[in-house]
Amino acid sequence: MKVAVFSSKSYDKKFLNAANQGVGHELVYYDPKLDASTAPLVGDALAVCVFVNDVLDLATLEILKQMGVKLIALRCTGFNNVDLKVAGELGLIVVRVTAYSPYSVAEHAVGLILTLSRKYHRAFNRVREGNFSLDGLLGFDLQARTVGIIGTGKIGMVLAEILQGFGCRILGYDAYPNQHFGQFKKAEYVTLDELYAQADIISIHCPLLPETHHLINGAALDKMKKDVILINVSRGALIDTEAMIEGLKSQKVGALGLDVYEEEEELFFQDLSLKIIQDDVFQRLLTFPNVLVTGHQAFFTQEALTDIATITISNISDFAAERPCPHEIRYIPKP
Ligand code: NAD
């Protein structure tokens, strides 16, 4: 089947081509992200393959439908960038990568926690300049701390497993609790307010939904401990960035580790090193010594990219063979 692959980078081509070996779909790669302005690139392809920052809103979906597209294959787990209701109404099938190495993302969250708690990002630069002073690098033991995990799905559970190894106390919150969470030592479910009140470190692993948009806002920050470390490797808009900046300025927030940012579409996955970045909110974030931002790279491991490519090709093959696809997603109206 002919597939137009949008937002494609060299690594996408490498891993998708490898997964497509012997399968034989015709993959046509396009650098731009998919939105209404780029949708006509799809040509006579029956499927589009898209990533986290492609925009599949009403305008884009209508053009895809007119162009004869039948299948939208997301090569990611999150699907907040697709208007599923409109896609369903237009008869477009949407499939995603339900799960891929959850270790990639959970381990990245641990990397952000350790970097911020032990200040590796500052030590790296300091030592390169011949400055071996330890002033300002004082950290703390993770073993003695309480970590709150919001969203105990695949990634949140792996994070809990890793943190158990550090000896942390672990507080979980989930709208749909996982019966296996209690298996971890020193782990218990609490209410969101209890998690906010007790956690020294809070890591967010729930999806971006209307009800979780700006979950971490000024009111939530007010309920947290002073010097709380916040980690977001899920979706940018789970955090109200302006409120977070106020929290950093007032020193309520001890440190912030982000792999995602609510306006990341204009920034991430491209080299802007010679450009003037116009996003003042993002630039303000980067001025804080206790903020660490990575550009949506938590998924970026060999294992995860192999899983993503294999499942994406398999999803496309299911559609081409008119088999039911276990990774299809549909709009579910609220009761
Ligand atoms: P998952 O579906 O396995 O787990 C999500 C958990 O969140 C579930 O247990 C669910 O019950 C819970 N949840 C749903 N609504 C909630 C709410 N209102 N409050 C609290 N919890 C709620 O998903 P996952 O594979 O663990 O991925 C989690 C998120 O990580 C994804 O939605 C995606 O946004 C993000 N992600 C980021 C990257 C990256 O590279 N940065 C990569 C993969 C996934």
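Conventions and cut-offs
Residues numbered from 1 in each chain as written. Predicted model: local features only at pLDDT ≥ 70, side-chain atom pairs only at ≥ 80, totals over all residues. Heavy atoms only, no water. UniProt positions renumbered as here; feature names shortened; annotations may be inferred. Phe/Tyr/Trp six-rings, centres within 6.5 Å; stacked < 30°, edge-to-face > 60°. Helix = DSSP H or I, 4+ residues; strand = E, 2+ residues; numbered from the N terminus. Buried < 20%, exposed > 50% of the residue type's maximum accessible area, 1.4 Å probe, protein only. Lys NZ or Arg CZ within 6 Å of the ring centre and 35° of its normal. Pairing = 2+ DSSP bridges. Axes fitted to C-alpha atoms, helices over the stretch in contact; angles between N-to-C directions. Contact = heavy atoms within 4.5 Å. Domains from an automatic or database assignment. Buried area = accessible area lost by both parts, 1.4 Å probe. Salt bridge = Lys/Arg side-chain N within 4 Å of Asp/Glu carboxyl O. Nonpolar A, V, L, I, M, F, W, Y, C, P; charged D, E, K, R; others polar.

Looking at an unreviewed UniProt entry, one finds the protein chain named D-lactate dehydrogenase, with Gloeomargarita lithophora Alchichica-D10 as its source organism. Per UniProt, the protein chain has the following entry under Sequence similarities (unreviewed entry): "Belongs to the D-isomer specific 2-hydroxyacid dehydrogenase family."

Novice: I keep staring at the packing of aromatic side chains and nothing clicks. Help me out?
Specialist: To describe a pair of aromatic rings, one takes the distance between the centres and the angle between the planes. The tally for this structure, following the rule as stated, stands at nine aromatic pairs. A ring pair is formed by Phe-268 and Phe-282, whose centres lie 6.1 Å apart and whose planes are at 70°; its orientation type is edge-to-face. Here Phe-268, found in the loop between β11 (253-258) and α10 (280-285), pairs with Phe-282, found in helix α10; they are 14 residues apart in sequence, far enough to count as distant. A relative accessible area of 9% means that Phe-268 is categorised as buried. For Phe-282, a relative accessible area of 8% corresponds to the buried category. Every member of this aromatic cluster is reached through a ring pair, and the members are Tyr-11, Phe-51, Phe-269, Phe-299 and Phe-300. Sitting above the plane of the Phe-140 ring, Arg-145 keeps its charged end 4.2 Å from the centroid.

Novice: Honestly, the sheet that holds strand β10 (residues 228-232) in this entry has me stumped. Any pointers?
Specialist: Pairing between sheet strands relies on hydrogen bonds along the backbone, with the strands arranged either parallel or antiparallel. Read from one edge to the other, the open sheet built from seven strands follows the order β8-β7-β6-β9-β10-β11-β12, with strand pairing classed as parallel. Of all the strands in the sheet, just β8 (187-189) and β12 (291-293) have a single pairing partner and so form its edges. The mean angle between the axes of side-by-side strands here comes to 15°, regardless of whether they run parallel or antiparallel. The sheet contact formed by strand β9 (residues 201-204) and β10 spans four bridges and is parallel. Paired with Ile-202 across the bridge in β10 is Leu-230. Its contacts with the sheet put helix α9 (residues 241-249) on β10, β11 and β12, and the angle it makes with β11 is roughly 140°.

Novice: Where do I start with the domain arrangement of the protein chain in this structure?
Specialist: How large an interface is tends to be reported as the accessible area lost when its parts come together. You can read the domains of the protein chain as domain 1 (2-100 + 302-329) and domain 2 (102-293). When each unit is reduced to the centre of its C-alpha atoms, the spacing between domain 1 and domain 2 is 30 Å. Each side of the interface is counted separately: domain 1 has twelve residues, and domain 2 has nine residues. When the area that domain 1 buries against domain 2 is broken down by residue, the three leading residues are Asn-53, Asn-80 and Tyr-100, summing to 48%. The tally of links between domain 1 and domain 2 comes to zero salt bridges. Within the side of domain 1 that touches domain 2, the residues separate by chemical class into six nonpolar, four polar and two charged.

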